[in-house]
Amino acid sequence: MINRIVIMLICIQTVLGVCTVHAADDASVNMVIDDGTVTREIEPEMYGVNMDWDSGPNDTWDVDESGNLVMNESFPLAYGDLLQFTRRGGGSANLFLWKKTLGDLKDREPQKIWWRNAPVYEGIVEWLKCVYLATEHPRAAYAVNITTDTYENMADLVEFLTGDGTVNYNGGINWAEERKKLGIEEPVDIYTWEIGNELDWNSFQFTPEQYVEAAEKAIDVIKSIDPDAKIAMFTATDQWTGADESQRWHRLFLEKCGDKIDYVAVHYYYPTGFVRRADQNFDILKKDIVEITGSDRIKIYYSEHAPGPLTNKFDAGNPFPYCEPHTIWGATAQAEWYLRKWLDPWVVASTCHSTDSANWSISYTDENKETRLTATGEVMKTFKKYGSGKMLDVKLDGFDADTSSLIAGGAIEDKDGNMNIFFLNRNESQDVTVNFDFEDYNYKIKHIRQVYGDTKTADTWYRAGAEWAYNNPNKIKIVDEDYNESSDLKSYTFKPLSLYVLQTEKTTAIDPSQKRGIFTDISDYGWAKGSIEGLYKQGIVSGTGNDLFEPERKVTREEFIKMLILAKGYSLTDNKCNFFDVNQESWYAPYINTATENSVANGISDDRFGIGESITRQDAAVLIWRCVDNSQVEEDNSFIDNSEISDYARPAMNWMRSKGYISGYDDGTVKPKNGITRAEAAKILFSIISTAD
C-alpha cells in the first residue's frame, strides 16, 4: 500500500516538475493584520502525529537484561506537546489485536504486523504511558480494527479506554479496572473513533457497501458504551485524485451514515512543489457533505498527511529524492499546507504521518539512541507551540487560498494575548521583506523562532528504508531566542527556505489619522484610493510588490474574472470549461470555470478564452452586467464616442451609465475598446459591492 502511494506521488511530481508557482517576484510585500477581527479558532489538534503499531521493539520501547520492557524516555521528551494529539492508525490498525499487547512481554502472543511476526513491544498501555510522560491532557484518534478483530473485542476496547470503572458495560471482565491496574488511572480522552483505515486499498479490498455495513456495526458498538463518542469515517484513499469510483465511496457512507458521524477522515500526501494540487477534489467532498447531509456539521480531519517523496528507492549517491519529505524543502511544504488549512474552516484537525515511517519520519534515533526531530518535526513543533488560538484576519500580498506561491503567512492570538506572526519563505535564494500594517495596535517583537536550511536538501540524518544510513552534511538550523529590540514592528526581512514565527506583544494604540496607506503609488488616485484599499482588505485585489498597486496597469481577462467572482461571492464550481487556452492547473481556472458555468463569461471565440489579453472597458461592463442585473434600460447616447460601442455591449454600457458605475472621461468619451486599468476596475467593483442590496 505504501509503495502504491509513493508511485502515484512520483507520477504527479514528475508531471508537476514542468509547472510553476507564483514566487515572491519582488523582494517586498505587504501584510495587513486586522488585530481586532478573529476569523476562526485553531485548535491544538490541528498539529497531531500519526503513530503506527508494529511488532517487536521500536525506538521508544525495548527490553532490559531481565527481559522487561523499558521506555527510551528521549522519545516523549523530544516530542513533548507534539504528542498532545496522537492517532493510533495507519495500515497496522487493520491487523493490531489490542488484547494481545496487555501484560508482561513474555506472556504476549506474537502478531504479524508489517514484516515481523513477534510480540508487540509498544502495546496500548505503553503508548499511553509514553504520551502521558510527554504532555498534559493528551487526546487521541483511534482507528478501530474492523477486519481481523471481533466486535466483542471492540466493545471491550471502548470500555478499556473510556470507562471509569463504575460500570461494567459488557459483563465479565471490567476492562476499565484492568486499565487502572496496568497504570493508566484516568479514562483516555478520545477525540474521535476512526472506523478502519484505507480498507479500499490494502489486501482486504472492501467495497463501499461492505465498508458501510461494517461501519454501521462498529458505530453501534462504540456508542453503546460511549454515547457521546465522535465518529470519523474515511474517504477512499485516493479521493484526492478525483476518480469517480473514489467519490462514490464517501457519497455512499454520507448517505447511509451521515447522521451518525462527526468527521470525514482524509489522507493526502502532497507534492512538495504544488501543495494545493488536490484542492478542487477536496472541494467536491465539501459540496457532497452539504448536498447529501443537508448541512456543514460534519468537518474534515486529515488523519494522514505529509509531503510526498520523489522516489520509493533510496540511493546513497543521491538520497534527497527518497528523503525529501523530512528535508527543509519537504518541511516547508508542510508549513505551507498548515497555513493553507488555516484558511479552510472545514478542516479542524490533522495528524502528520508519521513518527517513524520510512520516507515520512518526524524523528530519528541518533548513534546514542537519543530521539531527534527531523526538519519536519521542528516545523511541527513550531506550529504546535505558537499556532493555536484565535486566527486573525490577514491579507498578505501573493498568498491566498486559490493561488500557488512560495510565500505564505498568518497570525494567531494565543491564550496569553501574544500575537504570533507566521511567515514562510520557500524561495531558494531570495530574501523577502514584509511591511506590516496593523489595524488597532502597534506591536514589538519579543521572541523569534526560525527553522531554516541553506539548501533544499538540508535536514539531519537521511533514512534508507528502515535504517538511518546517511549523515547529511547540510544540517537544518534553528533560531529560538528572545528579542530585545524596543521599537515597534514595521518591517522584517525573512531569509530563504525558512519558517519564522515572530511572537509579538502590544505596545500602543494606533491613531487612525497616522495610519499609512497600503500602497505608495495610489496617493494621486483619490477617486479610486478608497476602493482599492477596500477591495484589498476584502482579499479581492492584491499589490504587485514593493508596496505598489500599479493603478495604470491594464487588467487581463482572467484577472478581471477572478476579481468579479470574488466580489460577487460566487461558490467555485468543480466543473471545467472547454477553452483550450485555460490551463486547469493554473490559479485562474476555478474562476473562469465558475464564470462560464454561471453564464457570466464567454470566450473571445467558441474554444478560446483569451488568457493574457487585456480586457476592454466594454467587455468588463458586459461581465458585470451579466452577473449583477442583466436588465435593459433606455439607450444612452451621452458619450461622444458612443458609436464605437459594439452592439453586444450596448445594453451593458447603458446599464452601467444609468447606475452611475461609469461616467466617462473629462473629454466626454468612454473609450469602450480601451483596456480597463486596475484603478478603474477597482473603483467600479467596489462601487457595485458597496451598493448591493
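Residues numbered from 1 in each chain as written. Predicted model: local features only at pLDDT ≥ 70, side-chain atom pairs only at ≥ 80, totals over all residues. Heavy atoms only, no water.

Remarks on the packing of aromatic side chains
As a reminder of what qualifies: Centres within 6.5 Å are what make two rings of Phe, Tyr or Trp a pair, Trp counting through its six-membered ring; a difference in plane orientation under 30 degrees is then read as stacked, over 60 as edge-to-face, and the rest as tilted. A helix here means a DSSP run of H or I that spans at least four residues, while a strand means a run of E at least two residues long, and both kinds are numbered starting from the N terminus. For each residue, the accessible area found with a 1.4 Å probe, counting protein chains only, is set against the maximum for its type, and the residue is called buried under 20%, exposed over 50%, and partly exposed in between.
Summed over all chains, the structure comprises 43 aromatic pairs. Each ring, one from Y211 and one from W249, has its centre 5.1 Å from the other, and the planes form 20°; the classification is stacked. Of this pair, Y211 sits in helix α6 (residues 208–225) while W249 sits in helix α7 (residues 244–257), and the two are 38 residues apart along the sequence. Accessibility assignment for this pair places Y211 and W249 in one class, buried. For the pair F494 and Y500, a centre-to-centre distance of 4.8 Å together with 80° between the ring planes defines the contact as edge-to-face.

Considerations on the sheet that holds strand β8 (residues 139–144)
Our working rule: Two strands qualify as a pair provided that DSSP identifies no fewer than 2 bridges between them. Inter-axis angles, ranging from 0 to 180 degrees, are taken between N-to-C directions of lines fitted to C-alpha atoms, where helices are fitted over the stretch in contact. Here, residues are in contact when the closest pair of their heavy atoms is within 4.5 Å.
As summarised here, the arrangement of the eight strands in space is β2-β5-β8-β9-β10-β11-β12-β13, forming a closed barrel in which the pairing is parallel. Each strand of the sheet is rotated relative to its neighbour by a mean of 30°, with strand direction disregarded. Note that strand β10 (residues 231–234) and strand β11 (residues 263–270) share three bridges and pair parallel. Each residue of the ladder has a partner; that of A232, found in β11, is Y263. Set on the sheet, helix α4 (residues 151–162) makes contact with β8 and β9 (189–195); between it and β9 the angle comes to about 160°. Taken strand by strand, α7 contacts β10 and β11, and its axis lies near 150° from that of β10.

So, the side chain of T351
As a reminder, the rule being used: Two N or O atoms count as a polar contact when they lie within 3.5 Å, although within protein this holds only if one can serve as hydrogen donor and the other as acceptor, and sequence-adjacent residues are included solely when both atoms are side-chain atoms.
The topology assignment puts T351 in strand β13 (residues 347–353). We classify T351 as buried; its relative accessible area is 0%. Here the side chain of T351 touches Y301 through a polar contact of 3.0 Å, side chain to side chain. Leaving out residues up to four positions away in the same chain, T351 has contacts with G48, V49, N50, F85, R87, Y301, Y302, S303, E304 and H305.

Describing unusual backbone geometry
Geometrically, the link from H353 to S354 is a cis peptide bond, its omega value of 5° lying close to zero. Of note, Q205 is a non-glycine position whose phi angle comes to about 50°, a positive value. In the Ramachandran plot, K369 falls in the positive-phi region, its phi being about 60° despite a non-glycine side chain. Among the secondary structure elements, K369 is positioned in the loop between β14 (363–365) and β15 (371–373).

A few points about the pattern of salt bridges
Here is the rule: A carboxyl oxygen of Asp or Glu within 4 Å of a side-chain nitrogen of Lys or Arg is what we treat as a salt bridge.
Across all of its chains, the model carries 37 salt bridges by this definition. Salt-bridge contacts for R557 lead to D619; the nearest nitrogen and oxygen are separated by 3.9 Å. Taken together, the residues R557 in helix α13 (residues 557–568) and D619 in helix α15 (residues 617–628) connect sequence positions 62 residues apart. On the basis of relative accessible area, R557 is assigned to the buried category, the value being 7%. Across the pair E635 and R650 runs a salt bridge whose closest N-O atoms are separated by 3.4 Å.

Things to note about the packing of helix α3 (residues 124–134) against α4
Let me state the cut-off plainly: Here the angle decides the label: under 35 degrees means roughly parallel, over 145 means roughly antiparallel, 65 to 115 means roughly perpendicular, and every other value means oblique. When the near helix sits turned anticlockwise from the far one by under a right angle, the crossing is termed left-handed; a clockwise turn instead gives a right-handed crossing. Each residue receives one of three labels: charged for Asp, Glu, Lys and Arg, nonpolar for Ala, Val, Leu, Ile, Met, Phe, Trp, Tyr, Cys and Pro, and polar for the others, Gly being one of them.
Orientation of α3 relative to α4, taken along the N-to-C sense of each, is 25°, at an axis distance of 12 Å. For the element pair α3 / α4, the angle class is roughly parallel. The two elements α3 and α4 cross, and the hand of that crossing is right-handed. Across the interface between the two elements, I124, V125 and L128 from α3 touch L157, F160 and L161 from α4. Of the residues that constitute the contact of α3 with α4, the class distribution is six nonpolar, no polar and no charged.

Observations concerning the sheet that holds strand β25 (residues 498–509)
Taken in spatial order, the nine strands of this open sheet run β23-β20-β25-β18-β17-β16-β1-β19-β24, and their pairing is mixed. Each end of this open sheet is capped by a strand with a single partner; those strands are β23 (477–482) and β24 (491–494). Along the sheet, successive strands turn relative to each other by an average axial angle of 30°, direction set aside. Sheet contacts for helix α11 (residues 375–386): β17 (407–413), β18 (419–425), β20 (441–452), β23 and β25; angle to β20, the most-contacted strand, approximately 155°.

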